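# Residue-level structural notes
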Amino acid sequence: MSGVEIAVELVALVVAVLLVTAAARKLDWSAPLCLIAVGVVASYVPGVPEYELDPEVVLLGLLPPLLYATAIRTSLIDFRRNRGPILLLSVGLVIFTTAAVGVVAWLVIPGLPLAAGLAIGAVVAPPDAVAATAVARKVGMPRKLTRLLEGESLFNDAAALVALRTAIAAIAGSVSLLQVGGDFLLAAGGGLVIGFAVGALAALIRTRLEDPVTDTALSLVVPFVAYLAAEAIHGSGVISVVVAGLILGHKAPSMLSGRSRLASRLNWQTIQFLLENIVFLLIGLQVRRIMTEVGDSGLTALELVLICAATLAATIFTRIVWMAGIGLARRVFRRHAWPWRYSAVIAWAGMRGVVTLAAAFVLPADTPQRAVLVLVAFVVVAGTLLLHGTTLPVLVRRLKLPPPDPAEDALQEAAVLHDMTRAALEELEKIRTPEDPDDIVERLRSRLQHRSDSAWEELGRQSALSETPSDAYRRLRLKLLEVEREKFLQARDSGMADDDVLRRILERLDIEESMLDREEETVPDSDRELRTPAATAGSCKHLTKNWPSVEPSSPDVCAVCVENGMTWVHLRECVKCGNVACCDSSPGKHATEHFHDTLHPVMRSHEPGETWRWCFVDKQLG
């Protein structure tokens, strides 16, 4: 095949992915399932080239960057907090599925050795959380479940590939239990050591890089170095990539510049989008070749249907049994267990993906009934995507799981930004010198305060103003940027300035626009009160005091603003006397003025559905 033909095929794959994913998004369908379906149909269209999904290309070329892209976005703090459940899913469940599905395959496929059955069990064992988490975010699944599924997907591939390696060795000869244990320890230990080493070395180098292009180029190399180095010592390349990604993702805020983080984030999101979706399309394109090979197996169509159905059912059922067993065991031993509804969703989120089909092609050519095993792997991938992908949203809605609350997110954001602003303002007073112009210092104060006020304004949208001050600023600045960009284009077209100068100017405009163009979120009505989350709650003697209940001075207005003909953004209530006044984002700032006049230390939000409080004395949220 010539280079031109290869280039044309790659472009065709990318264009097909873009068209199908755009259509799926518009129709609110599952993109992975649509891509597989399009691939299946295209594989039978005359003239469509036969794409061969080389397992080495997937395991060495696609798997490391996909794992790394997920790992750098995974919170190391959350991973540590949920490491027990994640290990139960990513190691325990993989081993259980390998054994259970292996026995079923051994029983239903004629002439199949038990070792080959265990091999197909290992192939179908690891779920791919890409589709599951996409559903999770679309239907509003609790974030704890989403993070458990993402954590499971990071490490289950390692356990499955180790199990597959052992099963393939057993097909060729005898394998002792001691050897199995040694292989697993070597894979896990070697992967951890290499991952830590690569992650630490890459962090050390990236800390010294200031150019975003060089930094991004280095980040593209890291997953492949981690994978190949671990595999060279017979360790787990998957674990190595994940560990390196977790380390670098955790260290990114302290070791990279803002420009480097923005460039890296956008590049890796693009890489992940293309690789994930191209792989699902390639899975569908394998069908014609798989069916051709199965035709030589000597099995009837009915036998093939029964074999595939039995293996698919065993794959789904083992996950349900495992989750039920975990829940029962935790209750018997009186350990903390998540609600049964959470277990039900996790049990039904077992969609398989690219690793399953790639691992199937890894099976040696002399494996008994290899073509049938590859077909089984494809049916498990397509079947779980179809069954779970179409019913998981319905299950989440029927179980009425609490979705992430945008109002609570906004409160956490406001609390963190307030602490950051307070620290920055205190530092400004320390570092300013008599030579620093007062107008520059005041401009810094204003900019810092505006960012904090903007976050608080996201709360309590049932305010007297349809547009908050920050909304008005964003609207006006975007209009001014539009005018500035028009003038920039005139300067470019007339040759007024050198191209390098113009590019620097455009970069400044783009950075400022990206800071203004934030995603609009509306706070939904909720029966739950908006309380301060435990992660951001502060404590002081004023907040912990049992304040007596008082009647608010006004149900829904700031009396001082009404008297002076002013407007307000949000309302706050003094917990000691019940005075209702406007917030600091309002022109009057009468709640703060009330504190200075009376020294009453604590106010609470007077917005509907909000019960968080603020101590003026200790600057604490509680």
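Below is a summary of the structure that appears in this document.

Reading the values: rules and limits
In every chain, residue numbers begin from 1 and rise along the written sequence. Local features in this predicted model are restricted to residues of pLDDT 70 or higher, and side-chain atom pairs are both shown and tallied only at a pLDDT of 80 or more, whereas totals for entire chains, interfaces and linings draw on every residue. Side-chain calculation: all heavy atoms of the structure are included, whereas hydrogens and water are not. Only DSSP runs of H or I with at least four residues qualify as helices, and only runs of E with at least two residues qualify as strands; both kinds are numbered from the N terminus onward. The buried label applies to any residue whose accessible area, calculated with a 1.4 Å probe on protein chains only, is under 20% of its type's maximum; exposed applies above 50%, and partly exposed to all values in between. Residue contacts follow a heavy-atom distance rule, with two residues in contact if any of their heavy atoms lie within 4.5 Å. The accessible surface values rely on the Shrake-Rupley method and a 1.4 Å probe; as for residues, cover is taken only from the protein chains in view. For the purpose of charge, His is not counted, nor are the chain termini; Lys and Arg are scored as positive and Asp and Glu as negative. A single reference atom marks each charge: NZ on Lys, CZ on Arg, CG on Asp, CD on Glu. In the cavity and pocket records, a cavity denotes points on a 1 Å grid over the protein atoms alone where a 1.4 Å probe fits but cannot get out, a pocket denotes an open set with protein on both sides within 12 Å along at least 5 of 7 lines, and lining residues are residues with an atom within 4 Å of a point. Grid points are joined across faces, edges and corners, and a volume is the space filled by probe spheres set on the points. Under the scheme applied here, ten amino acids are nonpolar (Ala, Val, Leu, Ile, Met, Phe, Trp, Tyr, Cys and Pro), four are charged (Asp, Glu, Lys and Arg), and all others, including Gly, are polar. Here the nonpolar core consists of buried residues drawn from Ala, Val, Leu, Ile, Met, Phe, Trp, Tyr and Cys, with membership extended through side-chain atoms lying within 4.5 Å. For this document, the term salt bridge refers to a Lys or Arg side-chain nitrogen within 4 Å of an Asp or Glu carboxyl oxygen. Here, a strand pair is defined by DSSP locating no fewer than two bridges between the strands.

### Things to note about the overall build of the protein chain
Counting secondary structure elements, the protein chain contains 24 helices and five strands. Dimensions along the principal axes, computed over C-alpha positions, put the protein chain at roughly 90 × 75 × 45 Å. Burial statistics for the protein chain: of 622 residues in total, 46% are counted as buried. Look at the contacts in the protein chain between residues 6 or more apart in sequence, and 76% of them connect residues 24 or more apart. As presented, the protein chain carries roughly 31400 Å² of accessible surface, and 62% of it is formed by carbon and sulfur atoms. Counting 60 positive and 68 negative side-chain charges, the protein chain places the centres of these two groups 6 Å from one another.

### What about empty space enclosed by the protein?
In this approach, a probe sized like a water molecule rolls over the atoms, and the result shows the empty space that is left. Evaluated as defined, the whole model comprises five cavities of 30 Å³ or more. If you add up the space inside the largest cavity, you get close to 50 Å³. For the largest cavity, the full set of lining residues is Arg572, Glu573, Cys574, Asn579, Ala581, Ala591, His594, His600, Val602, Met603 and Phe616. Elements with a minimum of two residues in the lining of the largest cavity: strand S1 (571-574), helix H24 (590-598) and strand S3 (602-605). Here the lining of the largest cavity takes three residues from S1, the largest share from any one element. In terms of residue class, the lining of the largest cavity is built from six nonpolar, three polar and two charged.

### Brief notes about the nonpolar core
Core analysis: the largest hydrophobic core is formed by 119 residues, its most contacted members being Ile120, Val123, Val238, Ile283, Met323, Val345 and Phe378. Among the elements that take part in this core, helix H17 (residues 370-398) stands out by supplying 14 residues, more than any other. Leaving out residues up to four positions away in the same chain, phenylalanine 378 has contacts with Ile36, Val40, Ile283, Gly284, Val287, Ile290 and Leu357. One finds Ala414, Met603, Trp614 and Phe616 within the second-largest nonpolar core, a separate group that totals twelve residues.

### Points about the pattern of salt bridges
Applying the stated rule across the entire model yields 17 salt bridges. Here glutamate 482 ties to lysine 479 by a salt bridge, and the two come within 3.8 Å at their closest N and O atoms. Linking glutamate 482 with lysine 479, this pair stays in helix H20 (residues 469-494), spanning three residues, or about one helical turn.

### Observations concerning the pairing of S3
By the bridge criterion, three bridges tie S1 to S3 in an arrangement that is antiparallel. Residue pairing across strands places glutamate 573 opposite arginine 604, the latter belonging to S3. Note: S3 against strand S4 (residues 613-615), three bridges, orientation antiparallel. Counted as the bridge partner of valine 602 is cysteine 615 from S4.

What is shown is where atoms sit, not what they do.
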